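Inside the fold
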Amino acid sequence: MNTLTQSMLQHAYAIAQEVDAKALMFDAEAWENPDDLNEALAEVNYRLLLVSRSRPPGSQDSEVIEPPEMNSDRVSVIHIPNVPLTRLAQVKVSMLVGVAEKKLARGDVIVCLSGVQHSNRLDTMVVIRVGDEAEFFLTDESYPLPPDVDPAVFERVLSIASELAVEGRETRTVGATFVVGDSENVLENSRQLVFNPFHGYPEEDCNILSGGLDETIKEFAAIDGAFIIRGDGVVLAAGRYLMGTGKSTEQLRGGLGARHESAASITSVTDAVSITLSQSTSTITIFNSGRVMTEIEKIRVGGEGS
Ligand SMILES: Nc1ncnc2c1ncn2[C@@H]1O[C@H](COP(=O)(O)OP(=O)(O)OP(=O)(O)O)[C@@H](O)[C@H]1O
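Just so you know, these numbers come straight off a predicted model, no measurement behind them.

Criteria and thresholds
- Along each chain, residue indices are assigned from 1 in the same order as the chain's sequence is written.
- Local features in a predicted model are, by the rule used here, given only for residues with pLDDT of at least 70; side-chain atom pairs are given and counted only at 80 or more, and totals for whole chains, interfaces and linings are based on all residues.
- The basis for every side-chain value is the complete set of non-hydrogen atoms in the structure, without hydrogens or water.
- Throughout this description, the term salt bridge denotes a Lys or Arg side-chain nitrogen within 4 Å of a carboxyl oxygen of Asp or Glu.
- By the criteria applied, helices consist of DSSP H or I runs no shorter than four residues and strands consist of E runs no shorter than two, each listed in order from the N terminus.
- The buried label applies to any residue whose accessible area, calculated with a 1.4 Å probe on protein chains only, is under 20% of its type's maximum; exposed applies above 50%, and partly exposed to all values in between.
- By convention a nonpolar core is built from buried Ala, Val, Leu, Ile, Met, Phe, Trp, Tyr and Cys residues, the set being connected through side-chain atoms within 4.5 Å.
- Here the limits of each domain have been adopted from an automatic or database domain assignment.
- In what follows, residue pairs with any heavy atoms lying within 4.5 Å of each other are defined as contacts.
- Helix axes are fitted to C-alpha atoms over the stretch in contact, other axes to C-alpha atoms as well, and angles between N-to-C directions run from 0 to 180 degrees.
- Relative orientations are named as follows: roughly parallel for angles under 35 degrees, roughly antiparallel for angles over 145 degrees, roughly perpendicular for angles from 65 to 115 degrees, and oblique for any other angle.
- Helix crossings get a hand from a simple test, with the near helix turned counterclockwise from the far one by less than a right angle marking a left-handed crossing and a clockwise turn marking a right-handed one.
- Under the grouping applied here, Gly and all other residues not named as nonpolar or charged are polar, the nonpolar ones being Ala, Val, Leu, Ile, Met, Phe, Trp, Tyr, Cys and Pro and the charged ones Asp, Glu, Lys and Arg.
- The term polar contact refers here to a pair of N or O atoms within 3.5 Å; inside protein, the definition further demands a hydrogen-donor-capable atom paired with an acceptor-capable atom, and it admits residues adjacent in sequence only when both atoms are side-chain atoms.
- A cutoff of 4 Å decides nearness: a residue is near a molecule or strand if any of its heavy atoms lies inside that distance of it.
- Only the protein chains shown count as cover for residues, and all accessible areas are computed by the Shrake-Rupley method using a 1.4 Å probe.
- Definitions used for this entry: grid spacing 1 Å over protein atoms alone; cavity, a set of points where a 1.4 Å probe fits but cannot get out; pocket, an open set with protein on both sides within 12 Å along at least 5 of 7 lines; lining residue, one with an atom within 4 Å of a point.
- Assignment of a molecule to a cavity or pocket requires that more than half of its atoms lie within 2 Å of the corresponding grid points.

This part covers the pattern of salt bridges. Per the counting criterion, the structure on display carries 11 salt bridges. Between Lys218 and Glu163 there is a salt bridge, and its shortest N-O distance comes to 2.8 Å. Of this pair, Lys218 sits in helix α6 (residues 214–220) while Glu163 sits in helix α4 (residues 151–167); the two residues are 55 residues apart in sequence, bridging distant segments of the chain. By the burial criterion, Lys218 is buried, and Glu163 matches it. Close ionic contact of Glu219 with Arg169 constitutes a salt bridge, the shortest N to O distance being 3.1 Å. Of this pair, Glu219 sits in helix α6 while Arg169 is found in the loop between α4 and β6 (176–180), placing the two residues 50 residues apart along the sequence. With relative accessibility at 45%, the residue Glu219 sits in the partly exposed group. Several salt bridges share partner residues, and in doing so they unite Glu163, Glu167, Arg169, Glu215, Lys218 and Glu219 into one network.

Below you can see the structure in the form of structure tokens.
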């Protein structure tokens, strides 16, 4: 391990102890292989949140460093979308997923370490109190998800939206809205714009957690309207027109149009959360209670985090 990385680890550990941090958040992807990661983990005897890239259920990706099996309360893993993210976006998404999975809570202090992917080098340390930075959690909600939404479903939708942002469709950017949770209410507050491609299929074939559905969803992102996803991951509909427009509880910033307005509004009249990918900026915006909860900007095509 190089001197800088060792020094970063030691200082991060010392700071975590001094400020009584909830955890040290640690980027598993900065390592080239699991042995190097293990060596680094042995350096710090503190509660660890390992950030790792998520893969679709059942898929293999040799680029992804799987954190070692650890039978310990000291270490838990947060999966974030497997797309290039800036350092800030990575921290933001890790915190969001960490809070959704109840591994973190508003007010927790965390010491975050990251480095360029597979470089074996840590070069960035950030100390954050979850929820303090306005741009991380823009609403007052202490828990970001509706009660019926499995955090794994939220994480998968976030991954699919992030991949869509990077990949686009047939060389073009695409936009999409995923409305997750409180689906009976959401269906009552929306109507079918076009034929629902998920209608009539067994639920087990339409669950985003069961694998194999990502490409189908990405294909249907091109059709007008929103996806409606039940809290357990079953995709109930695509091509859905969301009603209740104009009921968002805050003025959206300039440049956001009907897609974002409708995504915000549906979360003000139901308990759902909306995840919206902008076609024009490739920014992902997450809404709940009619307001912006988080924005993830600059999901980039290729390159290193900055
Ligand atoms: N009420 C609605 N329910 C579901 N989808 C909608 C609704 N209104 C608009 N859309 C979707 O948004 C698309 C138009 O988005 P528009 O450009 O007007 O909004 P925007 O918020 O600026 O989004 P973007 O940043 O992606 O351009 C439509 O093609 C349609 O797919």
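Counting residues in each nonpolar core, the largest one holds 53 residues, and the members touching the most others are Leu158, Phe178 and Ile286. Looking at this core, you find at least three residues from each of domain 1 (3–130) and domain 2 (151–297). Ignoring any residue separated from it by four or fewer positions in sequence, one finds Phe178 in contact with Val157, Ile160, Ala161, Leu164, Ile217, Phe227, Ile229, Val273, Ser274 and Ile275. One finds Ala16, Ala28, Tyr46 and Leu113 within the second-largest nonpolar core, a separate group that totals 22 residues.

Okay, the packing of helix α3 (residues 87–100) against α4 next. It is the contact of α3 with α4, at a shortest axis distance of 9 Å, that shows an interaxial angle of 155°. Taken together, the axes of α3 and α4 are roughly antiparallel relative to one another. α3 and α4 meet at a crossing whose hand is right-handed. Residues Val93, Leu96, Val97 and Ala100 of α3 form the contact with α4, whose own contacting residues are Pro151, Phe154, Glu155 and Leu158. A class-by-class count of the residues in the contact of α3 with α4 yields 7 nonpolar, no polar and 1 charged.

With that settled, the discussion passes to the side chain of Lys218. For Lys218, a relative accessible area of 2% corresponds to the buried category. A distance of 2.8 Å separates polar atoms of two side chains, one belonging to Lys218 and the other to Glu163. For Lys218, the contacting residues outside a window of four places in its chain are Ile160, Glu163, Leu164, Glu167 and Arg169.

A few words on the site of the ligand. The local shell around the ligand holds 15 residues, among which Asp224, Gly257, His260, Ser278 and Gln279 are the closest. A distance of 2.7 Å is found between an oxygen atom of the ligand and a backbone nitrogen or oxygen belonging to Gln279. A distance of 3.0 Å separates an oxygen atom of the ligand from a polar side-chain atom of Ser280. For the ligand, whose free accessible area comes to 630 Å², the fraction covered by protein is 78%. Counting atoms within 2 Å of the grid points, the majority share of the ligand lands in the largest pocket. At the level of secondary structure, the elements contributing two or more residues to the shell around the ligand comprise β9 (235–242) and α7 (258–269). Split into classes, the residues belonging to the shell around the ligand amount to 4 nonpolar, 8 polar and 3 charged.

Nothing here speaks to function; it is all geometry.
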